[in-house]
Amino acid sequence: MTIKLKVENVSKLFNDKRGEGLSLLKQGRAKDEIFRDIGVTVGIDNVSFEVNEGEIFVIMGLSGSGKSTLVRTLNGLIKPTMGKIMIGGDDVASCDAKRLREIRRREITMVFQHFALFPHKTVAENVAFGLRVRGLGKDERRQAAIEALARVGLQDHADSMPDQLSGGMQQRVGLARGLATDPEILLMDEPFGALDPLIRREMQDELIVLQKELKKTIIFITHDLNEALLLGDRIAIMKDGAFVQVGTAQDIVSHPADDYVRAFVADVDRSRVFTASDIAKDADHIPVHTKAIRALAVMDKAGVDLAHVVDAKEMLVGAVTRETLEAAKPDTPVADLMDTDVPSVSGESYINEMYTAAQSGAPIAVTDEDGKFVGSIEPASIFGHLASDESAGDDEDGTADDALPPQPAAPEPLGSDVRDAKQERPNQ
Amino acid sequence: MSPSDLLILPFEDWINAFVRGFLVPNFRPLFRALQVPVNEVLQGFDAFFAWVPMLAVTAAFALLAWRVVGRGMAIVTIVGFCFIDMIELWPETMTTLAMIITSVLFCTVIGVPIGILVARSDRAWKLTRPILDIMQTVPSFVYLVPIVMLFGVGMAPGIIATIIFALPPIIRMTNLGIRNVRGDLIEAAEAFGATPTQTLLEVQVPLAMRTIMAGLNQTLMLAMSMVVIAALIGAGGLGLVVNTGLGRLNVGQATAGGVGIVILAIVLDRITQGFAEPGKGQKTGLIAALKSFVSGQTVEPASQTYSDKTA
Ligand SMILES: Nc1ncnc2c1ncn2[C@@H]1O[C@H](COP(=O)(O)OP(=O)(O)O)[C@@H](O)[C@H]1O
Ligand SMILES: [Mg+2]
């Protein structure tokens, strides 16, 4: 995976004319202490991180934690007091004005919290602004603007003025403006923060859809943890200018680094954080031509009453129960005994999308995007994952596993390793 | 007992020595040269307004007033201008108009760049502000003294006095307009790689336009108020009519001149105010207005608002 943006030890102090604040900060003094003693505001306190190509990296923190300051150092709108910001081969923090403009014109754009659309320009002119400053001709600009507007579904509003549009539409224009120059990196500073909750949800979903297609490298700022968990491939939790924890949504919810993060995640909707492959267990599965007697042996070993059946390509085809196997002749192939109507979910579904599948009470089969069987979930165990205390979140490595032997010794093909399935998910 | 018993300062002599002994002999050519562009522009406008028929001028102003302000103002313009013509002051009014336009033009050309400059540097604004304060507290009469010393009398010196007197508001308002442009819009321009000049021309100046127009309106009104005073040092037009009327104790003539000035002032004031008011003037450009006038349709800035549902 290529690293698109590399931030190294960036700090920013406001009103620190004599550098006293920086030395206090290096001595490990707290942000409010430094402000109280010498009136210097610590905006960013020694932050380092890397963002991979095609990743949505979310920076989440309360108001005043330094998110806007940090995101503005990334495109040089704010010069950090110290540290490096590497984009391509350039250090944004130290390159000259001309080079910085070039980077802003080609490689990195921004979407603003309050849209920041130019009220005297039409929607299309707004969207084409980056191309205009780059010196592109009128027709080319217009065409690129219309294309970018089409991506956000606003091509019909190209000649409207921004104030004729609703907030949600205005921010779509803001997004189109950010996309029109086809940058590698998109900075978004609380882009949906000024929108109504319903519109915000709509925009979040749209961004997810858009990102599937565009695969931009996105730095997304938010103060809303649920938004962070929904959008972020990785999330950084920021407090008093410093990163407290960086990790995937699942990491942060199931292993909060400290009490600050713990307090945050306490009332997170876990059903929207954990996916089927996060909570799926390894489970033995039976090839479709296995005879009943062999299948029974596998199930005995595993101590289960139901096993999923796969074909030669490991695709899920059904499930058999101990009852049917015992009632059948020993050499009947399971193909003739299995129930093909089994509840199954894709590994990427969130828990809140699994409730219907859980209704029958039977174990739910989990498949990857090709339909291959990767594991199964006991409906009863789902609720364990929704409880907010950490031990419940850790269930997958704990008590529930006792029901199944971790390393079944059966000669039959074993359930694919759930861990592998997890690693195949992008950006984990 | 007072300080003057102890010491008398020959202040007058100092000033005389400075102006007569230093400024005038050394800089006369410069001051003469300064008059040249003013004279050229003034004569151009004067000749133009003398050449254009009264009805054409009236029609043009009425049209402008109609588009920028409204129908009522268009009627006021027509009635007012006809009245001026019927009291036989049309040529004088056109001379005054040429003088005003010349002064305001120079004020704009000088004032807007200065305003932009001081808006971009706090230090420059700190230096400029007290100068503007002084310029606006000095009574207009007092300007005449050094002007006459340096430039002599006549049309051009009168206009130069007017330019200096009317300059401060446009500088102030340009500065204010540029400084008041929303910070995130400037950030947005920069974030997309605009140079400082591009940011200025694409974002700051257009968004400051209304405020600059309000400054232009104030500048214009100050210039109008100098019409009579400038006539004292040889500028012509309606000011001269008022002055001669007063000199001959001809109340009728002085009043006629005064009424002419008032009518012209009202028309110019309302039209320039219209440009500065929100919702008018900017979206419907002059060209569009003229086109619509010709085609008989009205162009209104579209004001539909879409709800999120239609998105
Ligand atoms: N230009 C500035 N001058 C002084 N302090 C500032 C400035 N900009 C931001 N700060 C301070 O830096 C801290 C971080 O602000 P900000 O980055 O805006 O936080 P956030 O975006 O997370 O709400 C705050 O304490 C804020 O008061
Ligand atoms: Mg912020």
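If you're wondering where the values come from, they're calculated on a predicted model, not measured in any experiment. Think of each chain on its own: its residues are numbered from 1, step by step along the sequence as written. A letter from A marks each chain and a number from 1 marks each ligand, given out in the order of writing. With pLDDT at 70 or above as the cut-off, local features in this predicted model cover only qualifying residues; side-chain atom pairs require 80 or more to be listed or tallied, and sums for whole chains, interfaces and linings still use all residues. With hydrogens and water excluded, all non-hydrogen atoms of the structure serve as input to the side-chain values.

(A) Examining the pairing of strand β16 (residues 373-377) of chain A more closely. All names here are of chain A. Most of β16 sits out of view: five of its five residues are buried. Sheet topology note: the strand β15 (residues 364-367)/β16 ladder contains four bridges and is antiparallel. If you follow Val 366 over to β16, its bridge partner there is Gly 375. A pair of strands is labelled paired if DSSP reports no fewer than 2 bridges between them. Counting from the N terminus, the helices are DSSP H or I runs at least four residues long and the strands are E runs at least two residues long. In sequence, β15 turns back onto β16 through a hairpin of five residues, with Gly 371 there showing a positive phi of about 95°. Buried residues are those whose accessible area, probed at 1.4 Å on protein chains only, stays under 20% of the maximum for their type, while exposed residues exceed 50% and partly exposed ones sit between those limits.

(B) Spatial organisation of helix α7 (residues 138-151) of chain A. Residues and elements named next belong to chain A. An expected span of 1.5 Å times one less than the residue number is assigned to each helix. Relative to the 20 Å expected for 14 residues at 1.5 Å per residue, α7 spans 20 Å between its end C-alpha atoms, a close match to the ideal helical length. For α7, the complete set of buried residues consists of Arg 141, Ala 144, Ala 145, Ala 148 and Leu 149. The arc enclosing the buried residues of α7, seen along the axis, measures out at 135°, which places them on a common side. In α7, the exposed positions angled more than 90 degrees off the buried face are occupied by Asp 139, Gln 143 and Glu 147. We call two residues in contact when some of their heavy atoms are within 4.5 Å. On its buried face, α7 is in contact with α5 (123-127), α6 (129-134) and α8 (167-180). Positive phi appears at Gly 153, one or two residues downstream of α7, with a value of about 75°. Our arc is simply the arc of the directions from the helix axis toward the C-beta atoms.

(C) Highlighting the sheet that holds strand β14 (residues 344-346) of chain A. Residues and elements named next belong to chain A. Spatially, β14-β15-β16 is the arrangement adopted by the three strands of the open sheet, whose pairing is mixed. Edge positions in the sheet fall to β14 and β16, since each has one partner strand and no second. Between one strand and the next, the sheet's axes are offset by a mean angle of 30°, whatever the strand orientation. Fitting a line to C-alpha atoms yields each axis, with helices limited to the stretch in contact; the angle taken between N-to-C directions then spans 0 to 180 degrees.

(D) Structural context of the sheet that holds strand β2 (residues 41-52) of chain A. Residues and elements named next belong to chain A. The four strands lie next to each other as β2-β1-β4-β5, forming an open sheet whose pairing is antiparallel. Every interior strand has two partners, whereas the edge strands, β2 and β5 (90-91), have only one. Pairing analysis gives two bridges linking strand β4 (residues 82-87) to β5, with the strands arranged antiparallel. In the sheet register, Met 86 faces β5, and the bridge partner there is Asp 91.

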